[in-house]
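# A structural walkthrough
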Amino acid sequence: MSSSNSINEALCLADYERLAKNVLPHAIYEYVYGGGADEISLRENRASLDKIKIFPRVLKDVTRGSTATTIFGEQWRTPIMLAPVAFQRMAHEEGEIATARAASALDVGMMVSTLSSQPLEEISSYLTTPKWFQLYWQLDRNFNLDLVKRAELAGFTALTVTVDSAIHGIRNRAQRAKFQLPDHVSAVNLIHRPPLPTKEFMPDESIVFQGMMSEAPTWEDIEWLIAQTSLPVVIKGILHPDDALKAQKIGAKGVVVSNHGGRTLDCVPSPIEVLPRIRQKVGKDFVVLMDGSIQRGTDVFKAIALGANAVLLGRAQFYALAVAGAPGVAHMLRILREEFEVAMALSGTEKLDDINPELLY
Ligand SMILES: Cc1cc2nc3c(=O)[nH]c(=O)nc-3n(C[C@H](O)[C@H](O)[C@H](O)COP(=O)(O)O)c2cc1C
């Protein structure tokens, strides 16, 4: 099927997921779709959005309506950004560059992953919209600094540090499907990373605590990082309101309320559930983004009503990229943007500040 046929078949974001299942190799689809362990958090992310109802107001004049917002001094046409999603050449040979072209065409920002399968500089050169670099902390402090300096030089305007996945979750679905990174896909931004030291484990030592977690960042590392860069730092993977407050106290400029799309620790609350408590804790001026199962314009509306400045889209971009490359991602973004405008118009709101909890039932 040609990509234009596929685009015609997709009327909503869930259609892209269905179509992607037909075009992606089974193991890759399972890896992307899946969550951690029993996928309780993955299901909850969707279920808790579904439970919330919009309580619309009618007969309001919305003819001056706009979804625009400003974050860190940059204009956003709509409060939607592409989440960092690693290794996009698994979805399409043009990988992150196709995604970046689509984001620019639709005036949507993009967070580029440390684990992108194309160099961060090249991806940046295709982005004309807000572009943030997402850092996965690396053991060698100076290597983190190299990555941050590269991102600054490449014109990224904010730095997101992901803190919820120092270790992969228990990914049984991906394991069952025997997922492996295809040979043609790799972490090209990390080719100059110093080799990790080899470690001998004593019989009473754990491969988790004394092994993998010895490479994980702590609050001190993040504080150090914030002091090294002039970019606003946003911490991604926050669920506890006290951690949001701590992030604010050490000088972060924002947080992403996220459980990594239900892919890391299972049995955690869904981001939409904890969002109001986090907004309350950090006050109205702190940047709070949110992700997890955003699939409809009404989902964007609910997140804004509960305190988010904007939402991120994870899997949806990967599915649309797999189905139809850059035109697929652009089409997917257009669908979501228009659905959000419809949700605003039919609930009597004409700017983001009008969307508040009183418009939820
Ligand atoms: C295939 C895949 C790869 C991901 N790679 C990254 C990554 O490199 N960095 C990161 O911070 N989050 C990563 N995430 C998490 C997303 O940024 C985001 O938090 C999550 O996908 C949001 O949920 P959604 O997929 O339901 O929209 C990844 C998610 C998926 C599905």
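This write-up is about the structure you can find in this document. (Residues numbered from 1 in each chain as written. Predicted model: local features only at pLDDT ≥ 70, side-chain atom pairs only at ≥ 80, totals over all residues.)

### Considerations on the packing of helix α13 (residues 297–305) against helix α14 (residues 315–346)
- In the contact formed by α13 and α14, the axes pass within 7 Å of each other and the chain directions differ by 60°. Here α13 is positioned oblique relative to α14, judged by the angle of their axes. Of the two possible hands of crossing, α13 and α14 adopt the one that is right-handed. Note on element contacts: α14 touches α13 through Leu-336, Glu-339, Phe-340, Val-342, Ala-343 and Met-344, opposite Gly-297, Thr-298, Val-300 and Phe-301.
- Here the residues of the contact of α13 with α14 are counted per class, giving 7 nonpolar, 2 polar and 1 charged. (Axes fitted to C-alpha atoms, helices over the stretch in contact; angles between N-to-C directions. Helix = DSSP H or I, 4+ residues; strand = E, 2+ residues; numbered from the N terminus. Parallel < 35°, antiparallel > 145°, perpendicular 65-115°, else oblique. Left-handed = near helix turned anticlockwise from the far one by under 90°. Contact = placed C-beta atoms within 7 Å. Nonpolar A, V, L, I, M, F, W, Y, C, P; charged D, E, K, R; others polar.)

### Observations concerning the packing of helix α5 (residues 95–105) against α14
- At a minimum axis separation of 7 Å, α5 and α14 run at an interaxial angle of 20°. Taken as axis vectors, α5 and α14 run roughly parallel relative to one another. Seen along the crossing, α5 lies across α14 with a hand that is left-handed. Judged by residue contacts, Ala-98, Thr-99, Arg-101, Ala-102 and Ala-105 of α5 engage Gln-317, Leu-321, Gly-325, Ala-326, Val-329, Ala-330 and Leu-333 from α14.
- A class-by-class count of the residues in the contact of α5 with α14 yields 8 nonpolar, 3 polar and 1 charged.

### Observations regarding unusual backbone geometry
- Located in the positive-phi region is Glu-39, a residue other than glycine, with phi close to 60°.
- The residue Glu-39 is located in the loop between α3 (26–33) and α4 (40–51) in this model.
- One non-glycine residue, Lys-178, adopts positive backbone phi at about 55°.
- Taking the number of C-beta atoms within 10 Å as the measure of exposure, Lys-178 has 10 and is therefore exposed. (Buried ≥ 20, exposed ≤ 12 C-beta atoms within 10 Å, placed from the backbone.)

### With respect to the sheet that holds strand β5 (residues 131–135)
- Taken in spatial order, the 8 strands of this closed barrel run β3-β4-β5-β6-β7-β8-β9-β10, and their pairing is parallel. Taken over all neighbouring pairs, the strand axes of this sheet differ in orientation by 25° on average, direction set aside.
- Sheet topology places strand β9 (residues 287–291) next to strand β10 (residues 310–313); 3 bridges connect them, and they run parallel. Considered in β10, the bridge of Met-290 is made with Val-311.
- With respect to the sheet, helix α11 (residues 241–249) is in contact with β7 (233–238) and β8 (254–257), its orientation differing from that of β7 by roughly 165°. (Pairing = 2+ DSSP bridges.)

### Focus: the nonpolar core
- The biggest cluster of nonpolar side chains holds 106 residues, and the ones touching the most others in it are Tyr-16, Val-255, Val-257, Met-290, Ala-303, Ala-308 and Val-311.
- Counting residues per element, this core draws most heavily on α14, at 18 residues. (Core = buried A, V, L, I, M, F, W, Y, C linked by C-beta atoms within 7 Å.)

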